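# Structural description and commentary
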Amino acid sequence: MVREQGLSVPFPERTFATVDHIIPTTSKGRQRPLMDPLAEEMLQHIEKNTADYGINFFSPDKNDQGIVHVIGPERGLTQPGMTIACGDSHTSTHGAFGTLAFGIGTSQVADVLATQTLAMAKLKVRRINFTGSLNPGVYAKDVALAYINRLGVNGGVGYAYEFGGEIIDNMTMEERMTVCNMAIEGGARCGYANPDQTTFDYLKGRDYCPEGEAWERAVTDWQSLASDADSDYDDTVEVKGEDIEPFVTWGITPAQSVGVSQELPAVGSFEEADQLVVKEAYEYMSFEEGQPIAGTPINVVFIGSCTNGRLSDLREAAKFVKGKKVAADVRALAVPGSQEVARQAVDEGLDKVFDEAGFQWREAGCSMCLAMNPDQLSGNEISASTSNRNFKGRQGSPTGRTLLMSPAMAAVAALEGKVTDVRDHLED
Ligand code: SF4
C-alpha cells in the first residue's frame, strides 16, 4: 500500500518485521519454497519489502525469527513509554512494559509506516487490581482468564486496561506479558502495567536497550511514567487472587470459562442478551450444561503462542511432563515462541524432556494458535491449548474445539488425556 501510494517509510529504524503466522514449525516444512504457495508468496513479499525499505527483518535465515510479541520484548525493542503498533491483535502484550501498544489493521499499518502516527479516539482507563496472592497451581494465564470471565469479552470496549495490585507487582515480566496479552480478548484496546524495577531488570543488557549513562537516564525517565497511587480512573475493579482457581474455557469465547473444579453453567444463569451465544457455544462444542469440565477427553495439546510460548512457560510445563508419558492417542506439540526461546530451552534440555514424554518439539512460530500454517486440528478434535482464542474453527478445522488453559494445565491434560486439575499433580 505504501508503494502503491508512492509513499516512503521515513523511519525504517523504528520498524521491525518477522514471520510468525505462516511459518511452518518443522524443519522440513520450513525448506524453501514453502509447500503452501500463498505462505511462500507472503514470505517473499516481506523479504523484498523489508530489503527495499531498509527494515530489519528477524528471519529464520538469521536465526532470530519468532512470534512478534515474543521477540519485541526479548530483544529489548519494547521499552517503557513507547507507543507501539503492530498488525496483530495481541500487541497488547507489550503493555506489560509500560508501553501503549495497539493492535491495528492492515491499512493502519500502512498509515503508520508512512507517517509514524496513528489516529485514535481517547480511551477510558479501567484499573484492575489483583489483590492478595495466587494459590499453588494458579498462573498468570488463570489471572487473564479470570478477569475476562468477570468482565466479559466486550467489557473492555473503549477502555485501556491498567493491571496492578500485589499480584501484578510480584509477577515476572513474562507473567505480566501473559496478563496483558489477553486484554484484547476482554475487548480492551490495550493492556498496561506500570514499569518498575522488575521491568528494568528484565530489559537491562538486551540488544536494543540503551547502555551506560544512557541506560541510567532512561531508567530515571521510565520511573516517572508509573501511575500515581492516587490516580483517578474511569473505573476500578478488584479481583482477589485467592478466588482464582485454574481456569478452562468450555465455549467459543475466552469469557466462557469455568474453574477446573466447576461444572458448566446453565444457559439460564446468563443475562438474556448473552444466552444466544451460550446456546451456540453448547451446540458447537457438543457439551452439556452441568457437566464437569474436569475429565473432558482431549485429542491434542498445544503449548506455545504469544500468550504462553516463552521460556518460563516451557519450563513450567516441562516440570509436569518430565519422566512421564503423553497419554496414548494424544497429539502433543511444544512450540517455542522464538528461535531464541528455542535455543535457551535446548540449552536447558527442555526439548529432550518434551521429546521423551512424547511431545513433538517444534521450531518457533504461531503454530496451532491459528489456522495459517500446517499445524491444525482435524475434524472435531478437542485441543487443550495455551493460546488465547477459542473461536469456532480457530485452530484450523471448521469443527475443531479449543479449550484454553495454562501451560501447566495443558501439560497434565497431555499426560492424562483429559482435562485435569493441575493442583492434583503438584506433589508428583
Ligand atoms: S501466537 Fe496466535 S495470537 Fe499470538 S501472534 Fe501468533 S497467531 Fe496471533
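Residues numbered from 1 in each chain as written. Predicted model: local features only at pLDDT ≥ 70, side-chain atom pairs only at ≥ 80, totals over all residues. Heavy atoms only, no water.

## A short note on the sheet that holds strand 7 (residues 190-193)
With respect to topology, four strands assemble into an open sheet ordered 7-6-5-8, the strand pairing being parallel. If you trace the sheet from one side to the other, it starts and ends with strand 7 and strand 8 (235-240), each paired once. Taking each pair of neighbouring strands and ignoring which way they run, the sheet shows an average axis angle of 25°. Inspection of the sheet shows strand 5 (residues 124-131) paired to strand 8 by six bridges, in the parallel sense. Looking at the pairing, Asn129 lines up with Glu238 of strand 8. Packing against the sheet, helix 4 (residues 140-151) makes contact with strand 5, strand 6 (159-164) and strand 8, and its axis sits at approximately 125° to strand 5. Its contacts with the sheet place helix 6 (residues 173-181) against strand 6 and strand 7, and it is angled at close to 150° to strand 7. (Pairing = 2+ DSSP bridges. Helix = DSSP H or I, 4+ residues; strand = E, 2+ residues; numbered from the N terminus. Axes fitted to C-alpha atoms, helices over the stretch in contact; angles between N-to-C directions. Contact = heavy atoms within 4.5 Å.)

## Quick notes on the sheet that holds strand 11 (residues 300-303)
One open sheet holds the five strands; their spatial order is 13-12-11-14-15, and the pairing between them is parallel. The open sheet has two free edges, formed respectively by strand 13 (360-361) and strand 15 (401-404), since each of these has just one partner strand. Strand direction decides the pairing type here: strand 12 (residues 331-334) and strand 13, joined by two bridges, are parallel. Directly across from Ala334, in strand 13, lies its bridge partner Trp361.

## Some thoughts on the pattern of salt bridges
This structure, assessed with the given rule, holds 19 salt bridges. In this structure, Asp52 engages Lys48 in a salt bridge whose closest nitrogen and oxygen atoms are separated by 2.6 Å. Taken together, the residues Asp52 and Lys48, both in helix 1 (residues 37-53) and four residues apart, mark about one turn of the helix. Using a relative accessible area of 43% as the deciding quantity, one classes Asp52 as partly exposed. When its relative accessible area of 48% is taken as the criterion, Lys48 is described as partly exposed. In this structure, the salt-bridge partner of Arg315 is Glu348, at a minimum N-O distance of 2.6 Å. With a gap of 33 residues between them, Arg315 in helix 11 (residues 311-321) and Glu348 in the loop between helix 12 (339-347) and helix 13 (350-357) connect regions that are remote in the sequence. (Salt bridge = Lys/Arg side-chain N within 4 Å of Asp/Glu carboxyl O. Buried < 20%, exposed > 50% of the residue type's maximum accessible area, 1.4 Å probe, protein only.)

## Looking at the nonpolar core
Counting 55 residues, the largest nonpolar core has Val301, Phe354 and Phe359 as the members making the most contacts within it. Take this core: its biggest share by element is eight residues, from helix 14 (residues 407-416). In this structure Val301 touches Val330, Arg331, Ala332, Leu333, Phe359, Ala384, Ala410, Ala413 and Ala414, once residues within four positions along its chain are discounted. One finds Ile148, Tyr202, Ile244 and Ala255 within the second-largest nonpolar core, a separate group that totals 40 residues. (Core = buried A, V, L, I, M, F, W, Y, C linked by side-chain atoms within 4.5 Å.)

No statement about biological role is implied by the geometric values presented.
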